[in-house]
Amino acid sequence: MDNDQSVLLKVENLTKHFPVSGNRVVHAVDDVSFTIKKGKTLGLVGESGCGKSSCARTVIRIYEPTSGRIILDGTDITNLSQKELLPHRRKMQMIFQDPYASLNARMTVQDIIAEPLRAHHICKNKAEEREMVAEMLHQVGLNQEHASRYAHEFSGGQRQRVGIARALILHPQLVICDEPISALDVSIQAQVINMLRIFQEEQELTYLFIAHDLSMVRYVSDDVGVMYLGQLVEKCETDEIYAHPLHPYTQGLLSSVPIPDPVLARKKENAGIAGDIPSPIDPPAGCRFHTRCPYAEKRCETEVPALKEASPGHFVSCHKFG
Amino acid sequence: MQEVINKWERIELGGEAERLYSKPRSFAEDVWFRFSHKPTALLGLIIIALLLVFAIAGPYFTPYGYDDQNTKLANIPPVMQVYPAPDGNFLYITKALKIIEVDKDGHLLGQLKKGKDNSKEKITVFPYKDDMTVTLDYTVMPATIRDADGNRIEKGKSIWNHTYLLGTDHLGRDILSRLMYGTRISLLVAFIAAAVNMVIGIFYGGISGYLGGRTDAIMMRIVDIISTIPLTLYVILIKVCLDDGFLSIVIALSSVYWVDMARVVRGQVLSLKNQEFVMAARTIGSSTLSILTNHLIPNAMGPILVTVTMLIPSAIFMEAFMSFIGIGIAPPLASLGTMCNDATEALRTNPYQLFLPALVICLIMFAFNFVGDGLRDALDPKLKK
Ligand SMILES: Nc1ncnc2c1ncn2[C@@H]1O[C@H](COP(=O)(O)OP(=O)(O)O)[C@@H](O)[C@H]1O
Ligand SMILES: [Mg+2]
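Novice: When you look at the overall build of chain A in this model, what are you seeing that I'm missing?
Specialist: In terms of regular secondary structure, chain A is built from ten helices and twelve strands. Taking 2.2 N^0.38 as the reference for a compact globule, 322 residues should give roughly 20 Å; the C-alpha atoms of chain A span a radius of gyration of 21 Å, in line with that estimate. Viewed in the frame of its principal axes, chain A has a C-alpha envelope of about 70 × 50 × 45 Å. Residue pairs at least 24 apart in sequence account for 62% of intrachain contacts in chain A once pairs closer than 6 positions are excluded. Counting every atom, chain A has about 14200 Å² of accessible surface; 50% of that belongs to carbon and sulfur. Averaging the locations of the 35 positively and 40 negatively charged side chains of chain A gives two centres separated by 3 Å.

Novice: I'm lost on the environment of Asp111(A) in this one. Help?
Specialist: Residues and elements named next belong to chain A. Among the structural elements, Asp111 can be located in helix H3 (residues 109-119). Residue Asp111 is classed as partly exposed on the basis of its relative accessible area of 25%. When the C-alpha atoms of Asp111 and Ala147 are compared, they prove to be 8.2 Å apart, with 36 residues separating the residues in sequence.

Novice: I'm lost on the sheet that holds strand S8 (residues 132-137) of chain B in this one. Help?
Specialist: Sheet strands pair by backbone hydrogen bonding; their relative direction is either parallel or antiparallel. All names here are of chain B. Read across the sheet, four strands follow the order S6-S7-S8-S9 without closing on themselves; strand pairing throughout is antiparallel. Each edge of the sheet is formed by a strand with only one pairing partner; in this case those strands are strand S6 (117-118) and strand S9 (144-146). Alignment of strand S7 (residues 123-128) against S8, held across six bridges, turns out to be antiparallel. Bridged to Ile123 within S8 is Asp137.

Novice: Explanation requested: the domain arrangement of chain A in the structure shown.
Specialist: Quite often, the size of an interface is put as the accessible area lost when its parts meet. All names here are of chain A. When its domains are assigned, chain A resolves into domain 1 (4-91 + 172-321) and domain 2 (106-171). Between the C-alpha centres of domain 1 and domain 2 the distance comes to 30 Å. Listed per partner, the contact involves 16 residues of domain 1 and 14 residues of domain 2. Of the roughly 1300 Å² buried between domain 1 and domain 2, counting both surfaces, carbon and sulfur atoms make up 68%. Counting the surface domain 1 buries against domain 2, the share from its top three residues, Arg90, Pro172 and Phe199, is 39%. Where domain 1 packs against domain 2, one counts zero salt bridges.

Novice: Just to check I follow, could you spell out the site of ligand 1 for this structure?
Specialist: All names here are of chain A. In the neighbourhood of ligand 1, 13 residues make up the surrounding shell, with Gly49, Gly51, Lys52, Ser53 and Ser54 lying closest. Burial of ligand 1 by the protein amounts to 66% of the accessible area it has alone, namely 560 Å². Breaking the shell around ligand 1 down by element, the ones donating at least two residues are strand S2 (24-37) and helix H1 (52-59). The dominant element in the shell around ligand 1, judged by the number of residues it contributes, is H1, at three residues. In terms of residue class, the shell around ligand 1 is built from six nonpolar, five polar and two charged.

Novice: Looking at this structure, how should I read a nonpolar patch on the surface?
Specialist: Taken together, the side chains of Leu188(B), Ile192(B), Val196(B) and Ile200(B) define a hydrophobic patch exposed on the protein surface, amounting to about 260 Å² of accessible area. One can find Val196(B) in helix H3 (residues 175-211).

Novice: Would you mind going over unusual backbone geometry with me for this structure?
Specialist: Backbone geometry follows two general trends: most residues other than glycine have a negative phi, and most peptide bonds adopt the trans configuration. Residues and elements named next belong to chain A. One non-glycine residue, His121, lies in positive phi territory at about 50°. Within the fold, His121 resides in the loop between H3 and helix H4 (126-139). By relative accessible area, which is 70% here, His121 ends up exposed. In the Ramachandran plot, Leu229 falls in the positive-phi region, its phi being about 45° despite a non-glycine side chain. Here Leu229 is to be found in the loop between strand S9 (223-228) and strand S10 (231-237).

Novice: Would you take a moment to explain the nonpolar core for this structure?
Specialist: In summary, soluble globular proteins display a tendency toward joint burial of nonpolar side chains. Membership of the largest hydrophobic core comes to 62 residues, with the highest contact counts inside it found for Leu179(B), Leu253(B) and Ile364(B). Ranked by residue count, the leading element in this core is helix H9 (residues 288-324) of chain B, at 13 residues. When residues no more than four places from it in sequence are discounted, the contact partners of Ile364(B) are Leu51(B), Thr183(B), Leu187(B), Ile316(B) and Leu336(B). Of all hydrophobic cores here, the second largest spans 57 residues; its members include Met136(A), Phe199(A), Ala211(A) and Met216(A).

Novice: Would you mind showing me how to read the pattern of salt bridges here?
Specialist: Two side chains bearing opposite charge may form a pair once their charged atoms approach each other closely. Residue and element names in this part refer to chain A. In this structure the tally under the stated criterion is 21 salt bridges over all chains. For Arg288, the salt bridge identified is with Asp30, shortest N-O distance 2.5 Å. Linking Arg288 in the loop between helix H10 (262-267) and strand S11 (308-311) with Asp30 in strand S2, this pair joins segments that are 258 residues apart in sequence. Of the two residues examined, Arg288 and Asp30, each falls in the buried class. The structure contains a network of salt bridges with shared partners spanning Lys10, Glu12, Arg69 and Asp76.

About the cut-offs
- Residues numbered from 1 in each chain as written.
- Chains lettered and ligands numbered in written order.
- Predicted model: local features only at pLDDT ≥ 70, side-chain atom pairs only at ≥ 80, totals over all residues.
- Heavy atoms only, no water.
- Helix = DSSP H or I, 4+ residues; strand = E, 2+ residues; numbered from the N terminus.
- Rg over C-alpha atoms; globule rule 2.2 N^0.38 Å.
- Contact = heavy atoms within 4.5 Å.
- Areas by Shrake-Rupley, 256 points an atom, 1.4 Å probe, with all protein chains shown as cover.
- Lys, Arg positive; Asp, Glu negative; His and termini not counted.
- Charge placed at Lys NZ, Arg CZ, Asp CG, Glu CD.
- Buried < 20%, exposed > 50% of the residue type's maximum accessible area, 1.4 Å probe, protein only.
- Pairing = 2+ DSSP bridges.
- Domains from an automatic or database assignment.
- Buried area = accessible area lost by both parts, 1.4 Å probe.
- Salt bridge = Lys/Arg side-chain N within 4 Å of Asp/Glu carboxyl O.
- Near = heavy atom within 4 Å.
- Nonpolar A, V, L, I, M, F, W, Y, C, P; charged D, E, K, R; others polar.
- Patch = residues over 30% accessible without salt bridge, like charges linked within 9 Å, V, L, I, M, F, W, Y side chains within 5 Å.
- Core = buried A, V, L, I, M, F, W, Y, C linked by side-chain atoms within 4.5 Å.

As structure tokens, then:
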């Protein structure tokens with residue numbers, strides 16, 4: 001499996017702790033493992049604050065991993081210095097959540113999209129650079145006229161497309177999409193999602209797609225991983241998770257997805273998940289979900305459940321299964 | 001029937017929907033637009049421009065240098081109360097009981113030579129032209145003058161001094177020329193000090209904020225310590241160690257005010273470096289230098305500029321203050337502070353000598369504060385309610 005040619009990203013026991021004041025640590029990501037095959041999409045889902053962004057940023061090495069391994073396209077990039085990392089950066093790019101904060105207000109669209117080209121010394125001259133940017137703009141549905149504009153003149157959707165253009169101009173293999181649509185108007189979410197899917201088909205992109213609920217992930221992902229308080233609690237194929245959600249947290253997440261069928265909606269019992277997410281500074285002992293779990297037993301408070309294969313290809317960490 | 005448009009149809013990307021109708025406007029143009037719609041800011045800018053013209057171009061249009069002195073014409077005010085002389089010219093009695101001859105247009109012709117001085121009766125006789133005399137009687141103040149026949153000459157009109165438009169100081173130097181040179185020196189000192197402080201502050205604060213952690217903590221403690229010492233005391237101590245003169249005051253001012261700048265820059269860098277566009281630059285693989293010059297500094301430039309414009313009036317005031325207490329610019333070089341200092345000797349009798357340089361100091365401070373205020377509002381429209 002380790003030398004599997006079809007695997008693009010392999011994350012093993014990734015942990016990211018942030019030291020905070022008073023010698024305490026935020027357990028943002030704890031022992032997370034997953035693999036993504038080339039051309040596939042892994043959806044990473046979880047409530048806000050459960051460590052999805054931290055996980056993504058550690059994988060892309062903006063945050064230094066506390067422990068664990070990140071293997072990109074057969075190379076272990078966990079301990080590479082920023083300089084050694086530079087050639088590997090071309091292979092992975094990121095699309096950010098906030099289309100306003102992720103574009104520098106003092107730069108024109110031309111400069112924003114050309115920044116990756118300049119950082120990797122790809123173009124020989126300005127003319128070539130302008131041509132590549134124009135081509136990229138065209139692909140995301142903007143045109144040459146937009147290149148000389150500043151980002152603040154655009155709508156959220158247009159800005160997000162500039163962000164996508166910046167991420168894709170280097171033709172990366174892996175693109176991490178950190179909630180790329182959650183800050184956008186509902187009316188343009190589908191537009192951006194469609195664009196991402198078209199790029200995936202055309203360029204065989206691999207996505208790590210992050211979302212805070214399960215509603216959109218269904219349309220983009222091949223596999224889904226569910227995170228809770230820094231840990232991966234369930235992982236399987238997309239259809240399987242909607243058909244047979246096993247972990248009580250996943251069931252809760254699913255029940256908070258609006259259901260268009262009123263009959264089904266009425267049947268839905270425990271709507272949503274009770275209570276608030278506990279602090280990641282002192283995560284609960286045992287199963288981290290036991291404080292909010294409707295099925296919690298005595299041993300959930302003390303024993304940490306392992307991620308086990310409940311049915312073929314369906315992994316879950318819950319004492320109910322296994 | 002009109003064609004029915006389906007609102008739910010998908011809009012093709014890249015079509016009419018993507019057009020931008022506004023003119024492209026850069027951030028700087030945006031700031032200028034807001035700035036120029038604020039009257040006080042614009043007024044400040046105009047005053048600064050006029051002061052610059054006054055200080056830079058002015059000296060080329062006056063016949064006097066800052067150190068040309070004529071002690072015979074000392075302490076002449078800009079507007080004189082004159083007495084008509086027998087031949088149609090005018091006479092002006094100085095506070096020191098000298099008589100100055102003034103022509104009809106207000107040009108000073110010179111001091112009358114003293115003739116007989118009778119100190120017992122408190123009268124002095126001055127020969128006037130070849131055949132006339134005037135007598136100055138100072139038994140009661142203010143003094144009066146009489147013509148050759150002993151008739152008292154009544155006070156005439158007020159007349160503008162056309163030789164020295166703003167009068168002369170206690171050494172007979174032209175106040176207008178000295179104001180020009182003084183403003184020039186004061187502004188120069190302030191601009192150099194501001195530029196040096198800006199560079200030091202950007203580097204210090206930028207490094208401190210970008211590196212963060214322990215380095216940041218140590219560097220900021222140093223800043224805290226420096227800022228607990230009153231600036232005035234600090235500048236005076238530095239000045240005492242250095243010689244008098246232009247260079248030493250520049251050094252003293254340059255080494256003090258960067259503390260505020262460093263704080264501002266550090267705060268900006270600290271908040272900017274975790275923004276998503278900086279992270280994006282890092283995932284792209286941009287170098288640290290490129291991140292600093294393309295992302296961090298341009299985005300911090302607004303508050304930096306505001307701090308600099310607010311720093312200039314403080315530097316001007318500090319320079320004036322030090323010159324005033326006598327440890328600033330060395331004479332005969334003029335600065336607004338030394339002019340105020342010179343004026344205090346005869347403050348009662350010649351208040352205009354203090355009023356004029358003080359007025360210029362006020363103008364400069366007002367103007368820069370207005371501009372700073374306007375800049376701050378223009379750079380951050382969210383600050384306005
Ligand atoms: N740079 C940081 N320093 C300290 N704590 C952080 C930092 N980034 C994130 N965290 C904490 O880590 C946890 C996970 O955050 P995040 O990864 O942003 O969650 P998500 O993206 O799922 O909403 C949160 O409790 C957050 O407060
Ligand atoms: Mg997030």
